[in-house]
Amino acid sequence: MVYTLPGIRLHNLPPINHSGADRRTTVAASTSTNLSVLLRKNSLTRKFLAGKSTYEFESPSFMVAATEKVLVPGSQSDASSSSTEQLEEISENEVSLEEEQLDDTTEKDFVTSPVLVEDIAATEELRSVSVVEISKESAAIRQMPLPPPGTGQRIYEIDPLLDSHREHLEYRYSHYKKIREAIDKYEGGLEAFSRGYEKLGFTRSETGITYREWAPGAKSASLIGDFNNWNPNADVMTRNEFGVWEIFLPNNADDSPPIPHGSRVKIRMDTPSGLKDSIPAWIKFSIQAPGEIPYNGIYYDPPEEERYVFQHPRPKKPKSLRIYEAHVGMSSTEPMINTYANFRDDVLPRIKKLGYNAVQLMAIQEHSYYASFGYHVTNFFAPSSRCGTPDDLKSMIDKAHELGLVVLMDIVHSHSSNNTLDGLNMFDGTDSHYFHSGERGYHWMWDSRLFNYGHWEVLRYLLSNARWWLDEYKFDGFRFDGVTSMMYTHHGLQVGFTGNYSEYFGLTTDVDAVVYLMLVNDLIHGLFPEAISIGEDVSGMPTFCIPVQDGGVGFDYRLHMAIADKWIELLKLRDEDWKMGDIIHTLTNRRWSEKCVAYAESHDQALVGDKTLAFWLMDKDMYDFMAVDRPSTPLIDRGIALHKMIRLITMGLGGEGYLNFMGNEFGHPEWIDFPRADQRLPDGRFIPGNGNSFDKCRRRFDLGDAEYLRYHGLQEFDKAMQHLEEAHKFMTSTHQYISRKHEGERVIIFEREDLVFVFNFHWHNSYSDYRVGCLKPGKYKIALDSDDPLFGGFGRLDHDAEFFTFEGSHDNRPRSFMVYAPARTVVVYKLVTDAVGK
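Residues numbered from 1 in each chain as written. Predicted model: local features only at pLDDT ≥ 70, side-chain atom pairs only at ≥ 80, totals over all residues. Heavy atoms only, no water.

Looking at an unreviewed UniProt entry, one finds the protein chain named 1,4-alpha-glucan branching enzyme and attributed to Centaurea solstitialis. In its Subcellular location (unreviewed entry) section, UniProt records this for the protein chain: "Plastid, Amyloplast". Turning to the protein chain, the UniProt record has this under Catalytic activity (unreviewed entry): "Transfers a segment of a (1->4)-alpha-D-glucan chain to a primary hydroxy group in a similar glucan chain." (UniProt positions renumbered as here; feature names shortened; annotations may be inferred.)

This is how it looks when you write it as structure tokens:
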């Protein structure tokens, strides 16, 4: 008899009558299927990494009844009868926190979920775990006490309008505090709780390897792989009463590890939905072998001499955050999947030269479907094998630190891939393992699974995941994807947020998810004080960027997503229909004391189905009229001028940080289309592919570097813009004043720090002797001119000219000076003296 799963046929598991103790008698020394050779230093070839990337949709998941409740005692709980009684009392209640729903009028009794494992070293039932090679930084982090929860009251001082929703906010904060208290009580604190990867998955000790997996729905389990010739009877796992499967593999007779580095590994389970082989949930590396569809988990434990050792300290957190958003795989100029090593050597120096101080990396977590852009994660602790090994990624991050670049990771905790072969979905044969069961656990638009943030083990898994990337790989922070989807039970779908506070604080708010975000920000900022957290939220949730101890969600920045939408809206109109006041309102409409990262366009606007700003502005003319030695067209002239103006006014007024997606700085002429085969969805719909072409899944940096093309001028302007901000830190300047937004003249003037920005959006009117109001007296000179021929402009201004202020109120400013404001230009004037004539 065989059990059939989508894409794989597995023979029925024979009766289990072997124990781990006699495994050596069943394992033959075989290297024919061992992948360790592929993981030797510098051995991952580009051909191997660019293996089959097509995706086959799985059969629709079916509902499985919830399994028995899962409790795993910690060492202290086992130490005394009183603790045992306490666990028994808890087990009579609910294990998961998911049933504690929001009640706007009554705060329900809090029910804690007991510990999975609190201290393995002190637990006789579980073998000791020793951590090999802990860096000084990691050791210091372990000793760092996380500050206790505050009172959560300052939010009402910051925003008095919140007082009318105090009941909801007080419930939210009390829920957060109770979980913190439970973690402190049962897990030894958030720091220890976030090291779940030292207890679950594969852990190495001096005497062997222990593998543990929480899979309460499984009826039987065995560890299989190259190391035991995939024999399901060789290494049968034992299940404790709380649903954790475990096996200990002693070292070989020569004291070598029982599982060689690079071995393929999986866990075979008999589940309510049939027999299946799964990649361990805590796997640190996984690979899709050439010609195969499923991925294989890889036991990644290279010898000491092959492990990458970080050489450079983390940079300090920038005051003004200028982010270069990048996707390693599509960062080559060639139609291929690029590597971490190539990105390190070729792209990172480019980012530094352009003047950015942070790089935000997409698609780092392993995802079996390349065209998901990394947002359908299958293996949360594993870096994408398409681009290289874990040590290759570490080398790349270390190089960024050497260059002074902060490295942020685009982390996906908002959902998980629906893939049942390679990911967490139906991992133990039930749909309620890591996710909500039924409809609540499925995102119909994304075709993905939704985490149950109220479950204790989901908290352990996700918090440990965030800690893993910060500690093991030295990432400097995160951009959390899809936070709006997390915070509301409607996921923000088909909902128009108007700013009414009742939209944020009510029965549609997923309090469990919000509390998870508070906990992960507690962890990030408590253990890594210099780390940065950015949330992708389109709803405008109040308190989003207020510290947790003050009652907020705890992010450092919110992505100002409305700006990009506004620019696309305007580019669909004629210039004559643009409203200066509308532009200003969109750029400055953000919550007081909550920082934002502004962007004119990100990767979203570059994907197939959308268009970049450059393409909106210049369309197909970009293909024929971008050579500087050939005549331009009115469309090209307009597009180049507005492209520069849009980017600078977004940086100047949109937020305390700025983001650009790679290639957009020079107006990349192509959209992004990942290699795709034809697909047939489970509902019968047909989606045509592109013949698995990589042609539009790359970045033509050579176009921006070519001085004979107009793309070069756009790139030079973006570079000058970044360096101007670096010199003056105008995004975070406390001095900001918008003195003019004239609808008839199409002029916007504002001050930031000692700079005065003059934008003339008029399509043909240039203004001589135009009076510009300012605060500070003295001499001004041109600091940046979008009309400079270096930037593809017409050179209508004299950069040696000096502009002296004179007294007299103008546009509510005490002083002013006279300038020439050409049509469709932005000129930035810098104060160079403190008094007239000096």
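When you go through the protein chain residue by residue, the secondary structure sums to 18 helices and 35 strands. Counting only residues that meet the buried cut, the protein chain has 61% of its 838 residues in that class. (Helix = DSSP H or I, 4+ residues; strand = E, 2+ residues; numbered from the N terminus. Buried < 20%, exposed > 50% of the residue type's maximum accessible area, 1.4 Å probe, protein only.)

Our focus in this paragraph is the UniProt feature "active site" (unreviewed entry) in the protein chain. Within the UniProt annotation, "active site" (unreviewed entry) is assigned to Asp481 and Glu536. In three dimensions, the annotated residues from a span of 56 residues occupy one location, with a maximal C-alpha spread of 5.5 Å. Along the chain, the position of Asp481 falls in the loop between strand 20 (477-480) and helix 11 (483-487). Given a relative accessible area of 8%, Asp481 falls into the buried group. Setting aside chain neighbours within four positions, we find Asp481 in contact with Tyr375, Asp410, Ile411, Val412, Ser414, His415, Met486 and Glu536. In this structure, Glu536 sits in the loop between strand 21 (532-535) and strand 22 (557-560). Residue classification places Glu536 among the buried residues on the basis of a relative accessible area of 11%. Once you skip the residues sitting within four places of it in the chain, Glu536 turns out to touch Arg479, Phe480, Asp481, Gly482, Val483, Thr484, Leu559, Met561 and Asp604. (Contact = heavy atoms within 4.5 Å.)

Attention now goes to the confidence of the model for the protein chain. Chain-level pLDDT for the protein chain is 85 on average; 83% of the residues reach the 70-or-more range. Here residues 1-134 scores under 50 on pLDDT; set against residues more than four positions off or in separate chains, the count is 298 contacts. (pLDDT = per-residue confidence, 0-100.)

Before going further, it helps to examine the sheet that holds strand 33 (residues 806-810). Read across the sheet, three strands follow the order 30-34-33 without closing on themselves; strand pairing throughout is antiparallel. The outermost strands of the open sheet, each flanked by one partner alone, are strand 30 (767-774) and strand 33. If you compare each strand with its neighbour and ignore which way they point, the axes differ by 55 degrees on average. In this sheet, strand 34 (residues 813-821) lies alongside strand 33 in antiparallel orientation, the contact comprising three bridges. Counterpart to Phe806 in the pairing with strand 34 is Ser816. (Pairing = 2+ DSSP bridges. Axes fitted to C-alpha atoms, helices over the stretch in contact; angles between N-to-C directions.)

A separate point is the pattern of salt bridges. Counted by the stated rule, this structure contains 53 salt bridges. Residues Arg212 and Glu246 are paired through a salt bridge, measuring 3.7 Å at the closest nitrogen-oxygen approach. Placement of the pair is Arg212 in strand 4 (residues 208-214) and Glu246 in strand 7 (residues 244-250), with a sequence separation of 34 residues. A single burial state applies to Arg212 and to Glu246, both of which are buried. (Salt bridge = Lys/Arg side-chain N within 4 Å of Asp/Glu carboxyl O.)

Here the focus is the packing of aromatic side chains. To describe a pair of aromatic rings, one takes the distance between the centres and the angle between the planes. Summed over all chains, the structure comprises 51 aromatic pairs. With a centroid separation of 6.3 Å and an interplanar angle of 70 degrees, the aromatic rings of Phe615 and Tyr623 are classed as edge-to-face. Geometry around Tyr156 places Arg166 over its ring, the cationic atom sitting 3.8 Å from the centre. For Lys284, the ring lying beneath its charged end belongs to Trp468, and the centroid distance is 5.2 Å. (Phe/Tyr/Trp six-rings, centres within 6.5 Å; stacked < 30°, edge-to-face > 60°. Lys NZ or Arg CZ within 6 Å of the ring centre and 35° of its normal.)

Our focus in this paragraph is the pairing of strand 20. Because side chains alternate across strand 20, one face comprises the buried residues Gly477 and Arg479, and the other comprises Phe478 and Phe480, equally buried. Note that strand 16 (residues 406-411) and strand 20 share three bridges and pair parallel. Paired with Asp410 across the two strands is Arg479, which belongs to strand 20. As paired elements, strand 20 and strand 21 share four bridges and run parallel to each other. Within strand 21, the residue paired with Phe478 across the bridge is Ser533.

A word on helix 12 (residues 511-527). Along its 17 residues, helix 12 runs 24 Å from first to last C-alpha, staying within 8% of the 24 Å computed at 1.5 Å per residue. Burial within helix 12 is extensive, with 16 of its 17 residues counted as buried. N-cap assignment for helix 12: the residue whose side-chain oxygen lies 3.3 Å from the backbone N of Asp512 is Asp510. (Expected span 1.5 Å × (residues − 1). Polar contact = N/O pair within 3.5 Å; in protein donor to acceptor, adjacent residues only side chain to side chain.)

In space, the six strands of this open sheet follow the order 27-28-29-35-31-32, with antiparallel pairing throughout. The sheet is open, and its two edges are formed by strand 27 (736-742) and strand 32 (803-804), each paired on a single side. Here strand 29 (residues 755-760) pairs with strand 35 (residues 825-831) via six bridges, running antiparallel. Note on strand 35: the bridge partner recorded for Val756 is Tyr829. The sheet strands contacting helix 14 (residues 580-588) are strand 27 and strand 28 (747-752), and the helix crosses strand 27 at an angle near 155 degrees. Lying on the sheet, helix 18 (residues 711-728) is in contact with strand 29, strand 31 (779-785) and strand 35; it crosses strand 31 at an angle near 140 degrees.

Compared with the 24 Å implied by 1.5 Å per residue over 17 residues, the 23 Å span of helix 10 (residues 456-472) between its first and last C-alpha is a close match. Extensive coverage of helix 10 is indicated by the burial of 16 of its 17 residues. After helix 10 finishes, the residue Lys474 shows a positive phi value of roughly 65 degrees.

The next subject is the side chain of His712. Inspection of the secondary structure puts His712 in helix 18. Classification of His712 by relative accessible area gives buried; the value is 14%. If sequence neighbours within four positions are ignored, His712 has contacts with Leu703, Gly704, Asp705, Ala706 and Glu707.

On the secondary structure map, His490 appears in the loop between helix 11 and helix 12. Between the alpha carbons of His490 and Arg440 there is a distance of 9.4 Å; along the sequence they are 50 residues apart. A polar contact is formed between the side chain of His490 and the backbone nitrogen of Gly492, at a distance of 2.9 Å.

The backbone of Phe373 shows a phi angle near 65 degrees, a positive value even though the residue is not glycine. The topology assignment puts Phe373 in the loop between strand 14 (365-366) and strand 15 (379-383).

Take Met626: it is sitting in the loop between helix 15 (613-618) and helix 16 (634-653). The sequence separation of Met626 and Leu709 amounts to 83 residues, and the corresponding C-alpha distance is 5.4 Å. Residue contacts for Met626: discarding those within four places in its chain leaves Met618, Ile636, Tyr708, Leu709, Arg710 and Tyr711.

Moving on to a nonpolar patch on the surface. On the surface, a cluster of nonpolar side chains totalling about 350 Å² of accessible area is made up of Tyr442, Trp444 and Met445. On the secondary structure map, Trp444 appears in the loop between strand 18 (442-443) and strand 19 (448-449). (Patch = residues over 30% accessible without salt bridge, like charges linked within 9 Å, V, L, I, M, F, W, Y side chains within 5 Å. Areas by Shrake-Rupley, 256 points an atom, 1.4 Å probe, with all protein chains shown as cover.)

Glancing now at the packing of helix 6 (residues 166-187) against helix 12. In the contact formed by helix 6 and helix 12, the axes pass within 10 Å of each other and the chain directions differ by 55 degrees. Viewed along their axes, helix 6 and helix 12 adopt a mutual orientation that is oblique. The handedness of the crossing between helix 6 and helix 12 comes out as right-handed. Residue-level contacts link His168, Tyr171, Arg172, Tyr173, His175, Tyr176, Ile179 and Arg180 of helix 6 to Val511, Asp512, Val514, Val515, Met518, Leu519 and Asp522 of helix 12. Grouping the constituent residues of the contact of helix 6 with helix 12 by class yields nine nonpolar, two polar and four charged. (Parallel < 35°, antiparallel > 145°, perpendicular 65-115°, else oblique. Left-handed = near helix turned anticlockwise from the far one by under 90°. Nonpolar A, V, L, I, M, F, W, Y, C, P; charged D, E, K, R; others polar.)

Helix-helix packing: each pair is described by the crossing angle between the helix axes and the interaxial distance. One way to put it is that helix 10 packs onto helix 12 with a least axis distance of 10 Å and a crossing angle of 30 degrees. Classed by the angle they form, the pair helix 10 and helix 12 counts as roughly parallel. Once helix 10 is placed against helix 12, the crossing between them reads as right-handed. Two secondary-structure elements touch here, helix 10 through Leu459, Leu462, Leu463, Ala466, Arg467 and Leu470 and helix 12 through Tyr516, Leu519, Val520, Leu523, Ile524 and Leu527. Across the contact of helix 10 with helix 12, the residue classes break down as eleven nonpolar, no polar and one charged.

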